[in-house]
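Single-letter residue listing:
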Amino acid sequence: MADWLAALHRRAELRAEAGLTRRLRPRAAGDAVVDLAGNDYLGLATHPEVTAAAGRALAAYGLGATGSRLVRGSTDVHHGLEAALAEWLGADGSLVFSSGYLANLGAVRALVGPHTLLVSDAHNHASLIDGCRISRAETVVVPHADPAAVATALAAAPGRPAVVVTESVFSVDGDLAPLAELHAVARRHGALLLVDDAHALGVIGPAGAGGVSAAGLAGEPDVVVTATLSKSLGGAGGVVAGPAEFVRDLVETGRTFIFDTALPPSVAAGVRAALDLARAGDDLRAELADRAAETVRRLRAAGLTVSAPDAAVVSVTAPGPEAATAWAAGCAARGVAVGCFRPPSTPDSRSRLRLTISAGVPRADFERAIDVIVECAP
């Protein structure tokens, strides 16, 4: 018994020596921290219309869904949300999961059949990576955002069913995938395209419909879209959208859907209200784009290495994991929350701060937060 606990203790010591310790930091409701670490891009998590809709559903349905979707967990709220998501994304249908992580696991697994080849971008999110692993399909990891590499991988497996797996806006550096080019390559080789639109939904595209819509691929029969409902929509849950036949297959065979308790109706109702606000939120998206561009301009002027603001994620390079941790801690001590990404969470072994810009942060607080980040830089 003691041996395995001692081994865990030693592993924790090694992570600490490498600057890779992670800690849970509880926050109080309504704290005064300027949040450039969360994912509430449009500031809708606390919008009065969103919380009111959630409150009405909470009173009507109770705390939880009480069961899986195929037992007692499906409500009219879930079905209304799925119809609205499908319309927004330009898809035949959509299916809501209890998290974006489970949506990605379910989507990848459902797209895999005998001899399927998965071609996965090197910077994909852990949920897509885990989906590829769980599917047990042969997976080729290709260089980041490289349609030529995807074409080479597909050409090396002629006649095999294949799926190209990518994010639209990548979660670490915030860069936008060349979706139109990836789709053209996939279609030329008879492959499907799976796109995780988590960091693009609500932020880019017509009416905020995401990166797939921005690339002109909405509704294409060989494209499947996933997204989380916890970022620009301020709630929780995930969605898979695509052809009606695929959605039906997920309902009947998707293990991360069938065997999981449904998203609470109150959350689904709040997300549904947030969706309406997001669709009509061109002014919020304009403010978001302006803030992202200003962030990059000011940080680069301070001599920092910063990613291009393709959406609302801005990545700032740190000298190493210890420096990144100290930088984030310095910002936190001055009331600014920033993301701190270090290996093994980064796909390129590079440490950085990740800033997620929010239109919901008061402008004066946002301006002060950028000053703090510059002043605390190593």
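Structural notes, computed from the coordinates. (Residues numbered from 1 in each chain as written. Predicted model: local features only at pLDDT ≥ 70, side-chain atom pairs only at ≥ 80, totals over all residues. Heavy atoms only, no water.)

### Remarks on the side chain of His78
In step 1: Turning to its location among the elements, His78 is positioned in helix 4 (residues 76-89).
In step 2: A residue is classified by how much of its surface remains accessible, and His78, at 1% relative accessible area, is buried.
In step 3: Reaching out from His78, the side chain makes a polar contact with the backbone oxygen of Leu263 at a distance of 2.6 Å.
In step 4: With residues near it in sequence (within four places) discarded, His78 still touches Arg69, Gly73, Ala262, Leu263, Pro264, Pro265 and Ala268. (Helix = DSSP H or I, 4+ residues; strand = E, 2+ residues; numbered from the N terminus. Buried < 20%, exposed > 50% of the residue type's maximum accessible area, 1.4 Å probe, protein only. Polar contact = N/O pair within 3.5 Å; in protein donor to acceptor, adjacent residues only side chain to side chain. Contact = heavy atoms within 4.5 Å.)

### A look at the pairing of strand 9 (residues 313-317)
In step 1: With four of its five residues buried, strand 9 lies for the most part within the structure.
In step 2: Pairing geometry for strand 9 and strand 11 (residues 352-356), over five bridges, is antiparallel. Its bridge partner lying in strand 11, Val313 is registered against Thr356. (Pairing = 2+ DSSP bridges.)

### So, the pattern of salt bridges
In step 1: A complete count under the given rule lists 21 salt bridges for this structure.
In step 2: For Glu294, the salt bridge is made with Arg363, and the minimal N-O distance between the two is 2.3 Å. Pair noted here: Glu294 is in helix 13 (residues 282-301) and Arg363 is in helix 15 (residues 363-375), with a separation of 69 residues, a long-range link.
In step 3: Take Glu294: its relative accessible area is 12%, and that puts it in the buried class.
In step 4: Judged by its relative accessible area of 28%, Arg363 is partly exposed.
In step 5: Note that Arg363 and Glu367 form a salt bridge whose closest N and O atoms lie 3.2 Å from each other. Of this pair, Arg363 and Glu367 both sit in helix 15, four residues apart, which is roughly one turn of the helix.
In step 6: When salt bridges that share partners are traced, they join Glu287, Asp290, Arg291, Glu294, Arg298, Arg363, Glu367 and Asp371 into one network. (Salt bridge = Lys/Arg side-chain N within 4 Å of Asp/Glu carboxyl O.)

### As for the packing of helix 13 against helix 15
In step 1: Orientation of helix 13 relative to helix 15, taken along the N-to-C sense of each, is 25°, at an axis distance of 10 Å. In terms of orientation, helix 13 lies roughly parallel with respect to helix 15. The interaxial crossing formed by helix 13 with helix 15 has right-handed handedness. Residue-level contacts link Glu287, Asp290, Arg291, Glu294, Thr295, Arg298 and Leu299 of helix 13 to Arg363, Phe366, Glu367, Ile370, Asp371, Ile373 and Val374 of helix 15.
In step 2: Its residues assigned to classes, the contact of helix 13 with helix 15 shows five nonpolar, one polar and eight charged. (Axes fitted to C-alpha atoms, helices over the stretch in contact; angles between N-to-C directions. Parallel < 35°, antiparallel > 145°, perpendicular 65-115°, else oblique. Left-handed = near helix turned anticlockwise from the far one by under 90°. Nonpolar A, V, L, I, M, F, W, Y, C, P; charged D, E, K, R; others polar.)

### Digging into the packing of aromatic side chains
In step 1: Taken as a whole and assessed by the stated rule, the structure comprises one aromatic pair.
In step 2: Above the plane of the ring of Phe366 lies Arg291, whose end atom (NZ or CZ) is 5.2 Å from the centre. (Phe/Tyr/Trp six-rings, centres within 6.5 Å; stacked < 30°, edge-to-face > 60°. Lys NZ or Arg CZ within 6 Å of the ring centre and 35° of its normal.)

### Things to note about helix 2 (residues 48-61)
In step 1: A rise of 1.5 Å per residue sets the reference length of helix 2, with its 14 residues, at 20 Å; its end C-alpha atoms lie 20 Å apart and thus fit the reference within 8%.
In step 2: The complete set of buried residues in helix 2 reads Val50, Ala53 and Ala57. Buried residues of helix 2, viewed axially, fall in a sector of 70°; they line one side. Across from the buried face of helix 2, at angles greater than 90 degrees, the exposed residues are Pro48, Arg56 and Ala59.
In step 3: On its buried face, helix 2 sits against helix 12 (265-279). (Expected span 1.5 Å × (residues − 1). Arc of directions from axis to C-beta.)

### A word on a nonpolar patch on the surface
In step 1: A surface patch of nonpolar side chains, about 300 Å² in accessible area, is lined by Trp4, Leu5 and Leu8.
In step 2: Structurally, the position occupied by Leu5 is in helix 1 (residues 2-17). (Patch = residues over 30% accessible without salt bridge, like charges linked within 9 Å, V, L, I, M, F, W, Y side chains within 5 Å. Areas by Shrake-Rupley, 256 points an atom, 1.4 Å probe, with all protein chains shown as cover.)

### Focus on the side chain of Ser120
In step 1: Examined against the element boundaries, Ser120 turns out to sit in strand 3 (residues 117-121).
In step 2: Here the side chain of Ser120 touches Asn124 through a polar contact of 2.9 Å, side chain to side chain.
In step 3: Among residues more than four places away in sequence, those in contact with Ser120 are Cys132, Thr139, Val140, Val141, Val142 and Val165.

### Digging into empty space enclosed by the protein
In step 1: The tally for this structure, following the rule as stated, stands at three cavities of 30 Å³ or more.
In step 2: Taken as a whole, the largest cavity spans an internal volume of roughly 90 Å³.
In step 3: Together, 14 residues line the largest cavity, and Ala91, Gly219, Glu220, Val223 and Gly242 are the ones closest to its centre.
In step 4: Of the residues that constitute the lining of the largest cavity, the class distribution is ten nonpolar, two polar and two charged. (1 Å grid on protein atoms, 1.4 Å probe; cavity = no way out; pocket = protein on both sides within 12 Å on 5 of 7 lines; lining within 4 Å. Points joined across faces, edges and corners; volume = space filled by probe spheres on them.)

The analysis is restricted to geometry; functional conclusions fall outside its scope.
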